[in-house]
Amino acid sequence: MLSRRIIACLDVRDGRVVKGVRFRDHVDMGDIVDLARYYRDQGADELVFYDITASPHGRRVDCAWVERVARIIDIPFCVAGGIRSVADARAVLHAGADKISVNTPALQRPGLVSELADAFGVQCVVVGIDSLLDQDGQWRVRQFTGDVARTRALPMPTLDWVVEVQRLGAGEIVLNCMGSDGVREGYDIGQLRAVREVCHVPLIASGGAGASEHFAAVFHQADVDGALAASVFHSGSVEIPALKRYLQSQDIEVRHDRN
Amino acid sequence: MSKVVLIDAGGANLGSVRYALERLGAQVQVSSRAEDIASAERVILPGVGAAAGGMARLHELGLVEVLRDLRQPLLGICLGMQLLYDSSEEGEVECLGLIPGRITKLAPGSLARSPAAGSAPDTARRSRVPHMGWNRLQIRREDPLLAGIDDGAQVYFVHSYAAPLGNATLATSENGQEFSAVVRSGNRHGVQFHPERSAAIGARLLANFLSMSS
């Protein structure tokens, strides 16, 4: 049976891995290749490299580090941030990434999702969605979230956007629940359940992991295909081998690395 | 040192397959030239993309007959495996016809519980398309390609179309339906999953292929 995926997210700024809280105050975590190798050895099922400066500043992803990672890593990885065109995506995929993820550029020009799906197949195309609950009780998408000074609220309800990107050709959706991101109090189960109802492609939960129990809860209660986390893995407060043993004890199918 | 020609048919995973082979110490030549492929010790056809585009590219490069005539070990990966079959529903295209059968689209359904997985069931789950993630192999027939790989081993899949079960099937997996995950017919081998992204199990499968000779 298909395993539930444990995904380590590495935020990249100027070629280094960084981590912030609630999308701000980033601190240096280390070299990309060293951390990629570390998480692979820990038993992460997949890695996501999110270039947090490329998207808001209109820069392209630097493909040199993508290739360095591809040479040493034997698990799948996705690159997000700064991909605005088929040409940008091709460069990243040819450097060795397995998938590319688009967020702000897809909001600015939804046709990009279709162009990417036509060029590379839906299995390469991940749409990242940053979502926050507004005071009227509606979840809505945000853009430019890599830079707190430029983050903008959009009128688009999150659930409508989830439906739309699947129609356009998204092969996977990463839902980042901004209200719970970085605070380690658990995934936003309510929102993820609502999105799961309308999401027929693989769905990845992001934002809020603080303990092993949070992963079990999001798999059991929101039926997501994968759970993404960064700070709990970087800090070592959740270690992936122990997390997987715990999830297995909770009857959740996970991958065991047999070296 | 093991030598292999990796066919450059425009697939996006060319680099990752090359790096995986190089990590195993293989001498890799990336080529789309008929003479390189015809004279290779062994040949790998990788592929990410759609069947119609993949076949169009092989026709354009003049490789269709070259691949049909190969007597050396040939390994198709993902779309490369699908192209070994007679035809594909994806784009209604005629493929290489090296393994009998037709590639069809996976339909969303319920996920079967693999007997190898042990203990109580996961929460009720529906399968999704694309089939994306780590899934188990059920080994149906022993073969040198699967040497050292246990029943229930987990490998990484990303695909929306799949091959039926048949005489060539060595291992299966499932996503709403059972499909062929590893196949072999004579010198022709195929894997639906991505060995270059399947950690130690994938490396073992590639190493097994690299040890084959015609």
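Procedures and definitions
Residues numbered from 1 in each chain as written. Chains lettered and ligands numbered in written order. Predicted model: local features only at pLDDT ≥ 70, side-chain atom pairs only at ≥ 80, totals over all residues. Heavy atoms only, no water. Helix = DSSP H or I, 4+ residues; strand = E, 2+ residues; numbered from the N terminus. Rg over C-alpha atoms; globule rule 2.2 N^0.38 Å. Buried < 20%, exposed > 50% of the residue type's maximum accessible area, 1.4 Å probe, protein only. Contact = heavy atoms within 4.5 Å. Lys, Arg positive; Asp, Glu negative; His and termini not counted. Charge placed at Lys NZ, Arg CZ, Asp CG, Glu CD. UniProt positions renumbered as here; feature names shortened; annotations may be inferred. 1 Å grid on protein atoms, 1.4 Å probe; cavity = no way out; pocket = protein on both sides within 12 Å on 5 of 7 lines; lining within 4 Å. Axes fitted to C-alpha atoms, helices over the stretch in contact; angles between N-to-C directions. Left-handed = near helix turned anticlockwise from the far one by under 90°. Nonpolar A, V, L, I, M, F, W, Y, C, P; charged D, E, K, R; others polar. Buried area = accessible area lost by both parts, 1.4 Å probe. Salt bridge = Lys/Arg side-chain N within 4 Å of Asp/Glu carboxyl O. Polar contact = N/O pair within 3.5 Å; in protein donor to acceptor, adjacent residues only side chain to side chain. Pairing = 2+ DSSP bridges. Phe/Tyr/Trp six-rings, centres within 6.5 Å; stacked < 30°, edge-to-face > 60°. Lys NZ or Arg CZ within 6 Å of the ring centre and 35° of its normal. Points joined across faces, edges and corners; volume = space filled by probe spheres on them.

Draft legend 1. Looking closely at the overall build of chain B. Along the backbone of chain B there are six helices and 14 strands. Relative to its length of 214 residues, chain B is compact, with a C-alpha radius of gyration of 16 Å against a globular reference of 17 Å. Counting only C-alpha atoms and orienting by the principal axes, one finds that chain B spans roughly 55 × 40 × 30 Å. Within the span of chain B, comprising 214 residues, buried residues form 60% of the whole. For chain B, the share of sequence-separated contacts (at least 6 apart) that also reach a separation of at least 24 residues comes to 66%. For chain B, the separation between the mean place of its 21 positive charges and that of its 21 negative charges on side chains is 4 Å.

Draft legend 2. Region of interest: the UniProt feature "active site" (unreviewed entry) in chain A. Residues and elements named next belong to chain A. According to UniProt, the "active site" (unreviewed entry) feature falls on D11 and D130. Of the annotated residues named above, the ones that line the largest cavity are D11 and D130. Along the chain, D11 turns up in strand 1 (residues 5-13). Overall, the relative accessible area of 10% leaves D11 in the buried class. D11 has contacts with R16, V17, V18, K19, Y50 and I52, leaving out every residue within four places of it along the chain. Summarising the element assignment, D130 is placed in strand 7 (residues 125-133). According to the relative accessible area criterion, D130 is buried, its value standing at 5%.

Draft legend 3. Seen up close, the packing of helix 8 (residues 189-198) of chain A against helix 9 (residues 212-222) of chain A. All names here are of chain A. Contact geometry for helix 8 and helix 9: axes closest at 9 Å, N-to-C directions at 35°. Between helix 8 and helix 9 lies a crossing of right-handed hand. Touching I189, L192, R193 and R196 of helix 8 are A217, V218, Q221 and A222, all from helix 9. For the contact of helix 8 with helix 9, the residue count by class is five nonpolar, one polar and two charged.

Draft legend 4. Examining the interface of chain A and chain B more closely. Contacts between chain A and chain B engage 46 residues on the former and 45 residues on the latter. Between chain A and chain B the total buried area reaches about 3,700 Å² when both faces are included, carbon and sulfur atoms providing 47% of it. If you look at where chain A meets chain B, you find five salt bridges. Between R128 of chain B and D223 of chain A there is a salt bridge whose closest N-O contact spans 2.7 Å. At the junction of chain A and chain B, the tally comes to 21 residue pairs in polar contact (both at pLDDT 80 or more). Only helix 3 (63-72), helix 4 (86-94) and helix 9 of chain A provide two or more residues apiece to the side of chain A that touches chain B. Per element, the largest residue contribution to the side of chain A that touches chain B is four residues, and it comes from helix 3 of chain A. Looking at side-chain class alone, the side of chain A that touches chain B contains 18 nonpolar, nine polar and 19 charged residues.

Draft legend 5. Seen up close, the sheet that holds strand 4 (residues 74-77) of chain B. Residues and elements named next belong to chain B. If you trace the eight strands from one edge of the open sheet to the other, you get 2-1-3-4-14-13-12-9, paired in mixed fashion. The outermost strands of the open sheet, each flanked by one partner alone, are strand 2 (27-31) and strand 9 (138-139). Across four bridges, strand 4 lies against strand 14 (residues 188-191) in parallel orientation. Bridge pairing links L74 to R188 in strand 14. Contacting strand 1 (3-7), strand 3 (43-45), strand 4 and strand 14, helix 6 (residues 199-210) crosses the sheet at an angle of about 155° to strand 4.

Draft legend 6. The arrangement of the packing of aromatic side chains in detail. The tally for this structure, following the rule as stated, stands at nine aromatic pairs over all chains. Aromatic pair Y39 of chain A and F233 of chain A: ring centres 6.4 Å apart, planes at 55°, arrangement tilted. In this pair, Y39 of chain A is assigned in helix 1 (residues 32-42) and F233 of chain A in helix 10 (residues 231-235), connecting sequence segments 194 residues apart. Look at Y39 of chain A and you get buried, because its relative accessible area is 1%. Measuring from ring centre to ring centre gives 5.7 Å for Y187 of chain A and F215 of chain A, while their planes differ by 80°; the resulting arrangement is edge-to-face. With Y187 of chain A in the loop between strand 10 (172-177) and helix 8 and F215 of chain A in helix 9, the pair connects residues that are 28 residues apart, well separated along the chain. By relative accessible area, F215 of chain A is classed as buried at 0%. The rings of Y38, Y39, Y187, F215 and F233 of chain A are connected pair by pair, giving a single aromatic cluster. Taking NZ or CZ as reference, R255 of chain A lies 3.9 Å from the ring centre of W134 of chain B, over its face.

Draft legend 7. Structural view of the layout of surface pockets. Considering only enclosed or pocket space, the largest pocket measures out at about 710 Å³ in volume. Forming the boundary of the largest pocket are 36 residues, of which F120 and Q123 of chain A together with V48, G49 and A50 of chain B lie nearest the centre. Elements supplying a minimum of two residues to the lining of the largest pocket: helix 4 and helix 6 (111-120) of chain A together with helix 3 (51-60), helix 5 (79-82) and strand 10 (154-159) of chain B. Its residues assigned to classes, the lining of the largest pocket shows 17 nonpolar, 14 polar and five charged. Size it by volume and the second largest pocket reaches roughly 280 Å³. Of all elements in the fold, only helix 8 and helix 9 of chain A reach the threshold of two or more residues within the lining of the second largest pocket.

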